[in-house]
2 protein chains.
Amino acid sequence: MTGLPLSPDELEAALRAIGAERYHNLHPFHRALHDGRLTKGQVQAWALNRYYYQCRIPAKDATLLARLPTAELRREWRRRLVDHDGDAPGTGGVARWLKLTDGVGLDRAYVESLEGLLPATRFAVDAYVDFVRDRSILEAIASSLTELFSPTIISERVAGMLHHYDFVTPETLAYFQPRLTQAPRDSDFALAYVREHARTIAEQKAVLDALTFKCAVLWSMLDALDYAYVVPGRIPPGAFTPEPA
Amino acid sequence: MTGLPLSPDELEAALRAIGAERYHNLHPFHRALHDGRLTKGQVQAWALNRYYYQCRIPAKDATLLARLPTAELRREWRRRLVDHDGDAPGTGGVARWLKLTDGVGLDRAYVESLEGLLPATRFAVDAYVDFVRDRSILEAIASSLTELFSPTIISERVAGMLHHYDFVTPETLAYFQPRLTQAPRDSDFALAYVREHARTIAEQKAVLDALTFKCAVLWSMLDALDYAYVVPGRIPPGAFTPEPA
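Residues numbered from 1 in each chain as written. Chains lettered and ligands numbered in written order. Predicted model: local features only at pLDDT ≥ 70, side-chain atom pairs only at ≥ 80, totals over all residues. Heavy atoms only, no water.

**Q** Looking at this structure, I do not really get the overall build of chain A. What am I missing?
**A** Looking only at helices and strands, one finds eleven helices and zero strands in chain A. Traced from its N-terminal end to its C-terminal end, chain A shows the element sequence α-α-α-α-α-α-α-α-α-α-α. By the compact-globule yardstick of 18 Å for 245 residues, chain A fits well, its C-alpha radius of gyration being 18 Å. Put simply, chain A has 245 residues, and 54% of those count as buried. Taking the contacts inside chain A whose residues are at least 6 apart along the sequence as the reference set, 78% of them involve residues at least 24 apart. Of the accessible surface of chain A, which amounts to about 10,200 Å², a share of 53% is contributed by carbon and sulfur atoms. Distance between charge centroids for chain A: 2 Å, based on 28 positive and 31 negative side chains. (Helix = DSSP H or I, 4+ residues; strand = E, 2+ residues; numbered from the N terminus. Rg over C-alpha atoms; globule rule 2.2 N^0.38 Å. Buried < 20%, exposed > 50% of the residue type's maximum accessible area, 1.4 Å probe, protein only. Contact = heavy atoms within 4.5 Å. Areas by Shrake-Rupley, 256 points an atom, 1.4 Å probe, with all protein chains shown as cover. Lys, Arg positive; Asp, Glu negative; His and termini not counted. Charge placed at Lys NZ, Arg CZ, Asp CG, Glu CD.)

**Q** What am I meant to see in helix α7 (residues 119-134) of chain A here?
**A** With 16 residues, α7 of chain A extends 22 Å between its outermost C-alpha atoms, agreeing within 8% with the 22 Å of an ideal straight helix rising 1.5 Å per residue. In terms of burial, α7 of chain A is largely enclosed, as twelve of its 16 residues are buried. Restricting attention to buried positions, one finds in α7 of chain A the residues Pro119, Ala120, Thr121, Phe123, Ala124, Val125, Ala127, Tyr128, Val129, Asp130, Phe131 and Val132 of chain A. Elements that come into contact with the buried residues of α7 of chain A comprise α3 (40-65), α8 (137-142) and α11 (201-230) of chain A together with α7 (119-134) and α11 (201-229) of chain B. (Expected span 1.5 Å × (residues − 1).)

**Q** Just to check I follow, could you spell out the interface of chain B and chain A for this structure?
**A** How big an interface is tends to be stated in terms of accessible area lost as the parts join. Each side of the interface is counted separately: chain B has 24 residues, and chain A has 24 residues. For the pair chain B and chain A, the summed buried surface comes to about 1,900 Å²; carbon and sulfur atoms form 70% of the total. At the junction of chain B with chain A, the criterion picks out two salt bridges. As a salt-bridge pair, Arg234 of chain B and Asp226 of chain A come within 2.5 Å of each other at their nearest N and O atoms. Between the two partners, chain B and chain A, sit six residue pairs in polar contact (both at pLDDT 80 or more). The leading source of residues in the side of chain B that touches chain A is α11 of chain B, at eight residues. Considering only residue class, the side of chain B that touches chain A consists of 14 nonpolar, three polar and seven charged. (Buried area = accessible area lost by both parts, 1.4 Å probe. Salt bridge = Lys/Arg side-chain N within 4 Å of Asp/Glu carboxyl O. Polar contact = N/O pair within 3.5 Å; in protein donor to acceptor, adjacent residues only side chain to side chain. Nonpolar A, V, L, I, M, F, W, Y, C, P; charged D, E, K, R; others polar.)

These figures capture arrangement, not role.
Following this line, the structure appears as C-alpha cells:
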C-alpha cells in the first residue's frame, strides 16, 4: 500500500489475503465447535452470544440503508433486511437463529432478554454497528466482506455439528442453509462495489482496514467465548452459566 | 429493587455491593500482576492496553462536561480534565501513564499509535465513552463510581509491582500516587450526586446498572489480556507480541 493504487484485482487479492489470515474459521474455538470437542453447555454459550450478533445485524443494515444515496443501492441493501427479519413472524434469519438456540436447549425468553451475554460480545457487536453508522459508505460496505469467507465456515459448521452433537438436528441448523446462497449474493455485490469505488490509496487503505476491523470483531467474540467457557473457563460475573452436565 | 425506592444509604450499600462482587481487583490477571507472576512482556501488554483506557478518559469526561447544565457541575467535572491532561506538556495522568509504558520498556511512538491494542480493549473502552455520551447524566456520573474502589487496587498494585518486578521503579509508577487523592475526591462528588438524584426505582436501577456496566468494561479488558497473554496465551492477529524473554 505504499506505491500506486492497486488495480481492482490486486485489491481483491489483498482483501482475500486478510480473510486468509484473520477470518474466525482459524480460531481454536471455531475448530473445537466443529470437531465436536465442546460440551452442550459450551455450544449453548456460543449460540446465546452469537444471537446478539444476529439480532443486531438488521440494525446495522438499516443504519447503512438510511445513508445510501440511490434507490438502486437501497433496494440492494433492503434485501438483507428481508433476509434477516423475514416477511412474517417466525421467518428470516433472526427467527431461524432462535430455532438454533431452542434446539440446543436454551429458554427463548432468556436468550432474547440478552441478560446472559458476555459483556465482550456486546462491546464487539456494538462496535460493528457503530462502525457502519459512523464511517464512510465505502468502509461500511467493505466491512460486510467477511461474507466472502462465510460459505466455507458454514459448510464446515453444519457438517461438523450434525456429525458430532446428538443434540443438534438439521432443523436446529435451519439458519445456515439460506446463508449459503444469500452470503455469496451479498458479497458479490459488496465486492463489486468496493472494486469500483476504492480507487485512491486512501480509499483502498480504508477498505482493507474495514475488513480487518470486522475480522477482529468476529475473532474477539470467539476469544471471549473461549476464555469464559473453555480455557481457562472463567465466566465473568453475571454471564450465562451452563447447567452441570 | 422490587419494592419502594431505596434510601440514600441503602442505595450506597447496593452500589458498594456491586463493587465487592464485580470490581476488577477480583480478576485473576490483576492478582497475577500484583503477585509478581507475570513476565515483563505480560506487564508490557497490560500497560499498552491500559494506555488506551487512560487516553480516552479525557474524551469521556469532555463528552459529559459538554452536557452538564450548570457552571458548578462543569467546574467540578473540568477538574478531571486537568487531572488527566495536565496544565503543560508532560504533566497530567495520560503523560504519567506514558512514563509507565516507557519504564517497562515500550516504545512511546508504538504505544501512542495504538497499533498493538487488543481489539477487545478498543471495543470495551469505546463502549464506555459511548455510554457516557448516550445515557442520562445520572447514569454517566454513576458509571464513574468504580473510583470508589480504586484506592485499594492502586495501593495493592504499587506495593506489589515495586516488590516483585526489578524493571518497575517508583518513577515508573508515578501515575498512581496522585490518583490516591484524586479518585476519592472524584468519587465523593459522584456518590453524593447519585445519592441525591437517584430517587425513583427506575433511576436507582439505572445507576446500579451503570456501575455494573462499568465494572464489566474493566473486567473484560483483563479477560482479554489474560486470554491473549497468559492462559492460554493466544494473541489475536495483529496485536502486540512481546519479545522472547
